[in-house]
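# Analysis of the macromolecular model
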Amino acid sequence: MRFNIHRKIAFAGALLPYKMYINGQYVGTIKNGETLSVEVPRAEVYYLEDNYYFERNAVICDKNLEIYNILLKRIGGWRTASYNEFYIDDGQKIEKLPSFHFERFIDAIFNNNIEQLSKNEQLLVLCLEFWNSILDDIQEVLASSNLVKIIEALQLVGANQCAKFLMQVLEKNFPNETLPLEEVKIEQLNDRINIINQEIWKNESGGLEEFRRVVIHHITNRLNTRENVY
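Here the structure is a predicted model, which means the values were calculated and not measured. (Residues numbered from 1 in each chain as written. Predicted model: local features only at pLDDT ≥ 70, side-chain atom pairs only at ≥ 80, totals over all residues. Heavy atoms only, no water.)

## Some thoughts on the overall build of the chain
Helix and strand counts for the chain stand at eight helices and nine strands. For a compact globule of 230 residues, the expected C-alpha radius of gyration is about 17 Å, and the chain comes in at 19 Å, within 12% of that figure. Taking the principal axes of the C-alpha coordinates as reference, the chain spans close to 65 × 35 × 30 Å. Surface summary for the chain: the accessible area is close to 12,900 Å², and the carbon and sulfur share equals 48%. Put simply, the chain has 25 plus and 32 minus side-chain charges, and the middle of one group is 6 Å from the middle of the other. (Helix = DSSP H or I, 4+ residues; strand = E, 2+ residues; numbered from the N terminus. Rg over C-alpha atoms; globule rule 2.2 N^0.38 Å. Areas by Shrake-Rupley, 256 points an atom, 1.4 Å probe, with all protein chains shown as cover. Lys, Arg positive; Asp, Glu negative; His and termini not counted. Charge placed at Lys NZ, Arg CZ, Asp CG, Glu CD.)

## What about the sheet that holds strand β7 (residues 67–77)?
If you walk across this open sheet you meet the five strands as β4-β1-β7-β8-β9, and the pairing is mixed. Only two strands of the sheet have a single partner each, and these edge strands are β4 (35–39) and β9 (94–96). Here the strands of the sheet are splayed against their neighbours by 25° on average, with no regard to which way each runs. Two elements, β7 and strand β8 (residues 80–89), share eight bridges in a ladder whose sense is antiparallel. Within β8, the residue paired with G77 across the bridge is T80. (Pairing = 2+ DSSP bridges. Axes fitted to C-alpha atoms, helices over the stretch in contact; angles between N-to-C directions.)

## Regarding helix α2 (residues 119–136)
Between the first and last C-alpha of α2 there are 26 Å, a value that for 18 residues agrees with the 26 Å anticipated at 1.5 Å per step. Listing the buried residues of α2 in full gives E121, L123, L124, V125, L126, C127, L128, E129, F130, W131, S133 and I134. The secondary structure elements touched by the buried residues of α2 are α1 (103–111), α3 (139–142), α4 (147–157), α5 (160–173), α7 (190–201) and α8 (208–222). (Expected span 1.5 Å × (residues − 1). Buried < 20%, exposed > 50% of the residue type's maximum accessible area, 1.4 Å probe, protein only. Contact = heavy atoms within 4.5 Å.)

Put into structure tokens, the structure is as follows:
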């Protein structure tokens, strides 16, 4: 089946190309005012996102159509935050698409109340903690009290390359250290940690593409509820 994604011309973010993903799979890059047409496997749910930051997305339940026409609009800018919104055009009307909301899962990380969530929600939160940490600095993962749980969560959702990479990092670089690392120890090992950070992003070491796909699969198959998608 086909997705036609049209990016409406906008001043805000005009020079930024957007990398588009459907169900965690990169499908192409779209520039200001252009249309991206892609063929994707049919699925029960389609999760669309731009640039993949677990913030802006759209969720479509399959309607057995052969073509989905999507409009990407830039909202805000100048003195306000600028971001994209997804709309669907069925030929008769244009409607804003619902999206998966991450707020309460992100809050669970910072408020340290993961245990109050369901098992599937906990897996997502731990994966998000891993993702948000490595975007910042892998030392955040190494210092997390959830370090062991993060590795287990990565394995359970199928992010095996990330789990393996993280375990190899621990075995190779910190075999005799007490984990999670304390702040003083992190300062002492700063040079070693910086090298690991470089390895993560070199050729997407650690299976970040796999991580993207399996986490979105977990969301669309386990957490696609009215509580989360609106």
